[in-house]
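The lines below spell out each chain.
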Amino acid sequence: MFKLKYLKTFELIEAVVRAGSIRKAAEDTNLTASALNRRIQGFEQEFGWPIFERLPRGMRLNPAGELLMQHIKLQRNDLTRVQSQVADLSGQRRGHISIACSQALLPYFIPEQIAFYRAEHPGVSFTVNVRDRAQAEQDLASFRSDLALVFEPVHLVDFEVLFALPQPIHAVFRSDSALSRKTELRLHDCLSRKLVLPAQAYGVRHLMETAATRKRQTLTPIVETESFELIRHYVTREDAVGFQIPIGLSTREQGAIAHLPISEKDIPVGRLLLGQMKGRALPVASAKFSQQLVSALAQLADQ
């Protein structure tokens, strides 16, 4: 295990990986190229193996370097966890929580949960990374995020599920639309109208494409977007239909839009999953926040 004296060297190695060259990394770290190169070479001599391939147009990690980068991430994670535990023992309750989440969580759920947590632990800061379902899993694997809250993840290989919340697909439309008078909303009711769809990378779109294919129909959007905020607003401009999961919609703030679930006869209920990297020991603050999220999601499941 490498000692703390290597932390700065690790930062420099990561800078070279990001930049792809000594020259560019030197500019980014306010060092001369020769000084940075000596630092990397000195580490390689102590390490016992070269960690970079020196190429005509730059540098990239070799297999030994890839293994070292995994070690660096694990070491930083362990150090953050210990620092958080020490702060917790001292009563300061400081720390930082990073969470990768679907856009549907941004308007209501995540802001509310962060505010609740910080009311009790004001020394804790947050990073909220907006990710699609594949990116969220990548964030966990690379330690860019401690937690992920994402609709219909793709692989789940290293995803440890902490809670699963059922979420039906809702159609979103103008409040004066004839769809608002339906007692049961079917998929064909929506496909006969102008469609505003989320991009292919999102779980909502995946479930809709699967359902349409099963019925031998094609989804043809007039607008396709990565922004669920745009979907909600655009349906007020035309007599169009958008799609969202209910956790991203408010029953109190309807205004110009309304929404109804699409019948499970057509589209099965999806799952919003809270998870972390399998086998990872989370920092104290992140572990406590995950417990709060589990409790909040369980309450929604009981409603």
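Our subject is the structure that appears above.
Here the structure is a predicted model, which is why all the values come from computation and not from measurement.

Some points on the sheet that holds strand β12 (residues 270–277)
If you walk across this open sheet you meet the five strands as β4-β3-β5-β12-β6, and the pairing is mixed. Only two strands of the sheet have a single neighbouring strand rather than two, namely β4 (124–130) and β6 (159–167). Between one strand axis and the next, the sheet turns through 20° on average, direction left out of account. Against the sheet, helix α5 (residues 109–120) makes contact with β3 (95–101), β4 and β5 (147–151), and its axis sits at roughly 165° relative to β4, the strand it touches most.

With respect to the pattern of salt bridges
Taken as a whole, this structure holds 18 salt bridges when the rule is applied. A salt bridge links Arg60 to Glu53; the shortest N-O distance between them is 3.5 Å. For Glu53, a relative accessible area of 29% corresponds to the partly exposed category. Lys265 is the salt-bridge partner of Glu184, the closest N and O atoms lying 3.3 Å from each other. With Glu184 in the loop between β7 (170–174) and α7 (187–191) and Lys265 in the loop between β11 (257–261) and β12, the pair connects residues that are 81 residues apart, well separated along the chain. Through salt bridges with shared partners, a single ionic network connects Arg131, Asp139 and Arg144.

Some details on the sheet that holds strand β8 (residues 194–198)
Taken in spatial order, the five strands make up an open sheet running β9-β8-β10-β7-β11, and their pairing is mixed. The open sheet has two edge strands, β9 (223–225) and β11, and neither has a second partner. Strand-to-strand twist across the sheet, computed as the mean angle between neighbouring axes with direction ignored, equals 25°.

Structural notes on the packing of aromatic side chains
In the structure shown here, the tally under the stated rule is six aromatic pairs. Following the ring pairs from residue to residue traces out a cluster consisting of Phe10, Phe43 and Phe47.

What counts, and at which threshold
- Residues numbered from 1 in each chain as written.
- Predicted model: local features only at pLDDT ≥ 70, side-chain atom pairs only at ≥ 80, totals over all residues.
- Heavy atoms only, no water.
- Pairing = 2+ DSSP bridges.
- Helix = DSSP H or I, 4+ residues; strand = E, 2+ residues; numbered from the N terminus.
- Axes fitted to C-alpha atoms, helices over the stretch in contact; angles between N-to-C directions.
- Contact = heavy atoms within 4.5 Å.
- Salt bridge = Lys/Arg side-chain N within 4 Å of Asp/Glu carboxyl O.
- Buried < 20%, exposed > 50% of the residue type's maximum accessible area, 1.4 Å probe, protein only.
- Phe/Tyr/Trp six-rings, centres within 6.5 Å; stacked < 30°, edge-to-face > 60°.

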